[in-house]
Amino acid sequence: MPAVIEFTLQAKPGHYDEVKEKYIAFADAFVQSIPDEEFALITGDPASGTLRGIGVFDNWQSGADANSLASFAAFMDSIEDLITGPPTRTEMDLVHVYVRK
């Protein structure tokens, strides 16, 4: 069953755009390097400084292993001083996808 991982960051005031750009660059490189990740969405709310990454993985193991990769650690190091605290990670089942053709 596909796995959905939501990873939420809270940017410190004045750092939303910087965190957003780093998150987008990380997600793009991550999806290209991890064959079991189908796609990633990054959503954001500039007013609150909230950024959410939503990744869809082919299987639970790939989703579970994502945080232990060196590229993930490097990303976290690059934003550590730009976010208010630890990110929130939520794991969910993929229940339905609708794609307009």
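Structure's up top.
Not measured: the values here are computed from a predicted model.

1. Focus: the overall build of the protein
- In terms of helices and strands, the protein carries three helices and four strands.
- Reading the helices (α) and strands (β) of the protein from amino to carboxyl end gives β-α-β-β-α-α-β.
- Relative to the 2.2 N^0.38 estimate, which gives 13 Å for 101 residues, the radius of gyration of the protein is 14 Å and therefore close to what a compact globule would have.
- By principal-axis analysis of the C-alpha atoms, the protein measures approximately 40 × 30 × 20 Å.
- In the protein, which comprises 101 residues, the proportion classed as buried is 32%.
- Within the protein, contacts between residues at least 6 apart in sequence are counted, and of these 71% link residues at least 24 apart.
- In the structure as shown, the protein presents an accessible area of about 6200 Å², 55% of it carried by carbon and sulfur atoms.
- Looking at charge distribution, the protein has the averaged site of its 7 positive side-chain charges lying 7 Å from that of its 16 negative ones.

2. Quick word on empty space enclosed by the protein
- Under the defined criterion, the tally for this structure stands at one cavity of 30 Å³ or more.
- Put simply, the largest cavity is a space of about 220 Å³.
- Along the wall of the largest cavity there are 19 residues; nearest its centre are F7, F26, F30, E37 and G55.
- Mapped onto the lining of the largest cavity, the elements with two or more residues apiece are β1 (3-10), α1 (16-33), β2 (37-45) and β3 (50-57).
- By residue class, the composition of the lining of the largest cavity is 13 nonpolar, four polar and two charged.

3. Some remarks on the environment of D28
- Take D28: it is sitting in helix α1.
- As a C-alpha pair, D28 and A40 span twelve residues in sequence and 7.9 Å in three-dimensional space.

Rules used in this analysis
- The residue count restarts for each chain, going from 1 along the sequence in the order it is written.
- Local features in this predicted model are restricted to residues of pLDDT 70 or higher, and side-chain atom pairs are both shown and tallied only at a pLDDT of 80 or more, whereas totals for entire chains, interfaces and linings draw on every residue.
- Where side-chain values are given, they derive from all heavy atoms of the structure, hydrogens and water being excluded.
- Only DSSP runs of H or I covering at least 4 residues are called helices, and only runs of E covering at least 2 are called strands; the numbering of each starts at the N terminus.
- Between the two quantities, the radius of gyration covers C-alpha atoms and the globule rule is 2.2 Å times the number of residues to the power 0.38.
- Classification of residues uses two cut-offs on accessible area relative to the type maximum, computed with a 1.4 Å probe and protein chains only: under 20% is buried, over 50% is exposed, and between them is partly exposed.
- We call two residues in contact when some of their heavy atoms are within 4.5 Å.
- Only the protein chains shown count as cover for residues, and the accessible areas themselves come from Shrake-Rupley with a 1.4 Å probe.
- In summary, the charge assignment counts Lys and Arg as positive and Asp and Glu as negative, without counting His or the chain termini.
- The atoms used to mark charge sites are NZ of Lys, CZ of Arg, CG of Asp and CD of Glu.
- A pocket here means an open set of points on a 1 Å grid, computed over the protein atoms alone, that has protein on both sides within 12 Å along at least five of seven lines. A cavity is instead a set of points where a 1.4 Å probe fits but cannot get out; residues with an atom within 4 Å of a point line either one.
- Grid points are joined across faces, edges and corners, and a volume is the space filled by probe spheres set on the points.
- Under the scheme applied here, ten amino acids are nonpolar (Ala, Val, Leu, Ile, Met, Phe, Trp, Tyr, Cys and Pro), four are charged (Asp, Glu, Lys and Arg), and all others, including Gly, are polar.

Purely spatial values, then, with no claim about function.
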